[in-house]
Amino acid sequence: MHWREPFIWSISDKTPLGLLGGVVLGVSLAWSSSALMNLLFAGGTPAADDGLQAEPAPGPIEVHEDEIQAKGISGLVGNTPLVRINSLSDALGIEILGKAEWLNPGGSVKDRVALKIIDNAEREGHLIPFQGSTIFEGTVGSTGISIATMAKARGYNTTIVMPDDVADEKHKALLALGARVVKVRPASIVDKKQFVNLAREMALEFGEVPLVHSTDVEITRMDSATSSDDPTHRNAPRGFFADQFENKANHDAHFEGTGPEIWRQTNGGVDAFVSGAGTGGTIAGVGAYLKSMNPDIKVVLADPEGSGLYNKVKYGVLFDKKEKEGTKRRHQVDTVVEGIGINRLTNNFSLALPNIDDAYRVTDTEAVAMSRYLVGHDGLFLGSSSACNLVACVRLAKTMEKGSTIVTILCDSGSRHYSKVRNDDYLEKAGIPHDPSIIRRLLAS
Ligand SMILES: Cc1ncc(COP(=O)(O)O)c(C=O)c1O
């Protein structure tokens, strides 16, 4: 049970705000809640002694002059608001709070990861701005959009390798951001042309620069693992493989950012955290941080159809029955939900495993129904992974004491999903109903 009322933004309490408003609101809320925490914990004095335990009265959002100065686009990443999902919370008697990650400047939770990967690469000397270097990544889209957004501002080009059945709006966004996009047939990870493998290989090939040493010509690979004091080497454009699946910077972005923000914004009053996993970075980093603050917080995986992670958490075996039945429609993960679900063990998910207490399997039908339900009841137009997370929140809520608080991640906006989850023709062809009453029944069950 939580010990102090969370300080959150309820969408029905405010007039609609645009993206900038949301970001400013995020900064303001983060300031307000951390200021409150400072006040509460000054000198280690418990809140009850100060008489400060009352719920903060809802008031106008205060914007302070020094809060609206972001140092370039990277200054806008993170500090997203926590929004109460009114329809679900009221129906369940459990506070369901979503981290509004779609308000990041690149439109998703992946901005945090892109920024951290670039920051680390610069600090470690793998990337030097404005010398023609290119960041390569294999992604189903969101990470690519975030990398492309950050890279331009930091002096890099981007090449994104993605499966060719990903929602078309992500491809268009990448092109609009100036990225080079390479589309490949969805393939197994053992295939050299699988999108992650190809991105790695292209990064290595990009770095093959001919170096002239007297009469010899030497071909040298300049990838993320290579460094040299030779100025010809040092100033040559580099190919850098971001490697979100294996790169621990992914976990760290959430351990240092998302996790502490959730803790502050709930004033430590969080009982459970729910997240899907694509790379596993979010659930790994947030899970580890929250457990370090309070080991009783439950960390729960929301896993879509076709993903093997549910079985890994529940039974220790990474496997989905569609693999056995040979009924897969896609090579990667057979689900309409984009961004989460996977059938191999990544480094970032391995880091998450020790902290995951439980998992829920979410069907495509439920995820689609939830995305429609949220628009109809809360005015929240969210992407499919957010909908999947919220279905798992409902299931979990039914096992928890009334008044408990569950936090989840609202990864991206529905505007990234027009051609699939929001496309009735597509869904009908895939045999997936779009019926929000499924959620009403789930809530009532
Ligand atoms: C839309 C969306 N939601 C959720 C995730 C999952 O996050 P993570 O990779 O941290 O597991 C991703 C990952 O790419 C994503 O694109």
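What you see is a predicted model; the values in this text were computed from it and never measured.

A.B. asks: Lay out empty space enclosed by the protein with the relevant residues and their values.
C.D. replies: The gaps of empty space that remain are located by a probe, the size of a water molecule, rolled over the atoms. For the coordinates displayed, the defined rule picks out one cavity of 30 Å³ or more. Here the largest cavity defines a volume of roughly 470 Å³. Lining the largest cavity we find 35 residues, and of these Val140, Gly278, Glu338, Gly339 and Ile340 sit closest to its centre. Elements represented by at least two residues in the lining of the largest cavity include exactly α5 (142–154), α10 (281–293) and α15 (384–397).

A.B. asks: Outline the site of the ligand, listing residues and values.
C.D. replies: Around the ligand, a shell composed of 15 residues is seen, among which Lys110, Gly278, Thr279, Thr282 and Ser385 lie nearest. Residue threonine 279 places a side-chain N or O atom 2.6 Å away from an oxygen atom belonging to the ligand. Considered on its own, the ligand offers 380 Å² of accessible surface; in the complex 97% of this is hidden by protein. When atoms are counted within 2 Å of each cavity's grid points, the one that captures over half of the ligand is the largest cavity. Tallied by class, residues from the shell around the ligand come to three nonpolar, nine polar and three charged. When residues of the shell around the ligand are sorted by domain, at least three fall in each of domain 1 (9–104 + 250–444) and domain 2 (110–241).

A.B. asks: If you had to explain the environment of aspartate 191 to someone new, which residues and values would you point to?
C.D. replies: Note that aspartate 191 resides in the loop between β6 (180–184) and α7 (195–206). Within the structure, aspartate 191 has its side chain in polar contact with the backbone nitrogen of lysine 193 (distance 2.8 Å).

A.B. asks: Any details on unusual backbone geometry? Residues and values, ideally.
C.D. replies: Phi at phenylalanine 130 is positive, roughly 55 degrees, even though this residue is not glycine. For phenylalanine 130, the position within the fold is in the loop between α4 (110–123) and β4 (134–138).

A.B. asks: Let's hear about the nonpolar core: which residues, and what values?
C.D. replies: In this structure, Leu290, Leu301 and Phe349 are the most contacted members of the largest nonpolar core, which totals 48 residues. Examining the composition of this core, we find that six residues originate from one element, α7, more than from any other. Viewed by domain, this core spans two of them, domain 1 (9–104 + 250–444) and domain 2 (110–241), each represented by three or more residues. Dropping the residues within four chain positions of it, leucine 301 is found in contact with Ser275, Gly276, Ala277, Ile283, Leu309, Tyr310, Val313, Phe349, Ile356, Asp358, Ala359 and Tyr360. Core analysis: the next-biggest nonpolar cluster, separate from the first, contains 45 residues, Cys393, Met400, Val421 and Leu427 among them.

A.B. asks: Would you mind going over the packing of helix α14 (residues 364–378) against α15 in detail, with residue names and values included?
C.D. replies: Between α14 and α15, the least distance of the axes is 8 Å, while the angle of their chain directions is 95 degrees. Considering the angle they form, α14 stands roughly perpendicular to α15. Side by side, α14 and α15 meet where Glu366, Ala367, Met370, Ser371 and Leu374 of the first sit next to Ser384, Ala387, Cys388, Leu390, Val391, Val394 and Arg395 of the second. Among the residues forming the contact of α14 with α15, the class breakdown is eight nonpolar, two polar and two charged.

A.B. asks: Go over the confidence of the model for the protein chain with me, naming the residues and quoting the values.
C.D. replies: Averaged over the protein chain, the pLDDT score is 82; the fraction of residues at 70 or greater is 76%. Overall, residues 211–227 carries pLDDT values under 50, and its contacts beyond four positions in sequence, including any with other chains, amount to 34 contacts. In the model, residues 325–331 has pLDDT below 50 throughout and makes 18 contacts with residues more than four positions away in sequence or in other chains.

A.B. asks: Account for the state of the cysteines, with residues named and values stated.
C.D. replies: Enumeration according to the criterion identifies zero disulfides in this entry. For cysteine 388, which is in no disulfide, the shortest distance to another cysteine sulfur is to cysteine 411 and amounts to 9.2 Å. Looking at cysteine 393, it has no disulfide partner, and the nearest cysteine sulfur is the one in cysteine 388, 10.0 Å off.

A.B. asks: Before we move on, can you summarise the pattern of salt bridges with the specific residues and values?
C.D. replies: Following the criterion strictly, the structure yields 18 salt bridges and no others. A salt bridge links lysine 172 to aspartate 168; its shortest N-O distance comes to 3.1 Å. Here the residue lysine 172 and the residue aspartate 168 both occupy positions in helix α6 (residues 168–176), the gap between them amounting to four residues, near one helical turn. A relative accessible area of 55% places lysine 172 in the exposed class. The salt bridge involving aspartate 358 is made with lysine 314; its shortest N-O contact spans 2.8 Å. Residue aspartate 358 is located in strand β12 (residues 358–362), and its partner lysine 314 is located in helix α11 (residues 309–315); the two are separated by 44 residues in the primary sequence. Classification of aspartate 358 by relative accessible area gives buried; the value is 17%. When salt bridges with common partners are traced through the structure, they connect Lys99, Glu101, Arg112 and Glu261 into a single cluster.

A.B. asks: Got a sec to walk through the pairing of strand β11 (residues 298–304)? Specific residues and values, please.
C.D. replies: The element β11 is largely enclosed, with a buried count of six among its seven residues. For β11 and β12, the ladder comprises five bridges, and the chain directions are parallel. Across the sheet, residue aspartate 303 finds its bridge partner in β12, namely arginine 361.

A.B. asks: Lay out α14 in plain terms, naming residues and giving numbers.
C.D. replies: Note: α-helices contain 3.6 residues per turn, so residues at a spacing of three or four share the same orientation. Its 15 residues place the ends of α14 21 Å apart at the C-alpha level, agreeing with the 21 Å of an ideal helix rising 1.5 Å per residue. Of all 15 residues in α14, 11 are buried, a share of seventy percent or more. Residues of α14 that are buried in the fold lie against α3 (86–92), β12, α15, α16 (424–430) and α17 (437–444). Looking one or two residues past α14, glycine 379 carries a phi angle of roughly 70 degrees, positive in sign.

Reading the values: the criteria
- Residues numbered from 1 in each chain as written.
- Predicted model: local features only at pLDDT ≥ 70, side-chain atom pairs only at ≥ 80, totals over all residues.
- Heavy atoms only, no water.
- 1 Å grid on protein atoms, 1.4 Å probe; cavity = no way out; pocket = protein on both sides within 12 Å on 5 of 7 lines; lining within 4 Å.
- Points joined across faces, edges and corners; volume = space filled by probe spheres on them.
- Helix = DSSP H or I, 4+ residues; strand = E, 2+ residues; numbered from the N terminus.
- Near = heavy atom within 4 Å.
- Polar contact = N/O pair within 3.5 Å; in protein donor to acceptor, adjacent residues only side chain to side chain.
- Areas by Shrake-Rupley, 256 points an atom, 1.4 Å probe, with all protein chains shown as cover.
- Sits in = over half its atoms within 2 Å of the grid points.
- Nonpolar A, V, L, I, M, F, W, Y, C, P; charged D, E, K, R; others polar.
- Domains from an automatic or database assignment.
- Core = buried A, V, L, I, M, F, W, Y, C linked by side-chain atoms within 4.5 Å.
- Buried < 20%, exposed > 50% of the residue type's maximum accessible area, 1.4 Å probe, protein only.
- Contact = heavy atoms within 4.5 Å.
- Axes fitted to C-alpha atoms, helices over the stretch in contact; angles between N-to-C directions.
- Parallel < 35°, antiparallel > 145°, perpendicular 65-115°, else oblique.
- pLDDT = per-residue confidence, 0-100.
- Disulfide = S-S within 2.5 Å.
- Salt bridge = Lys/Arg side-chain N within 4 Å of Asp/Glu carboxyl O.
- Pairing = 2+ DSSP bridges.
- Expected span 1.5 Å × (residues − 1).

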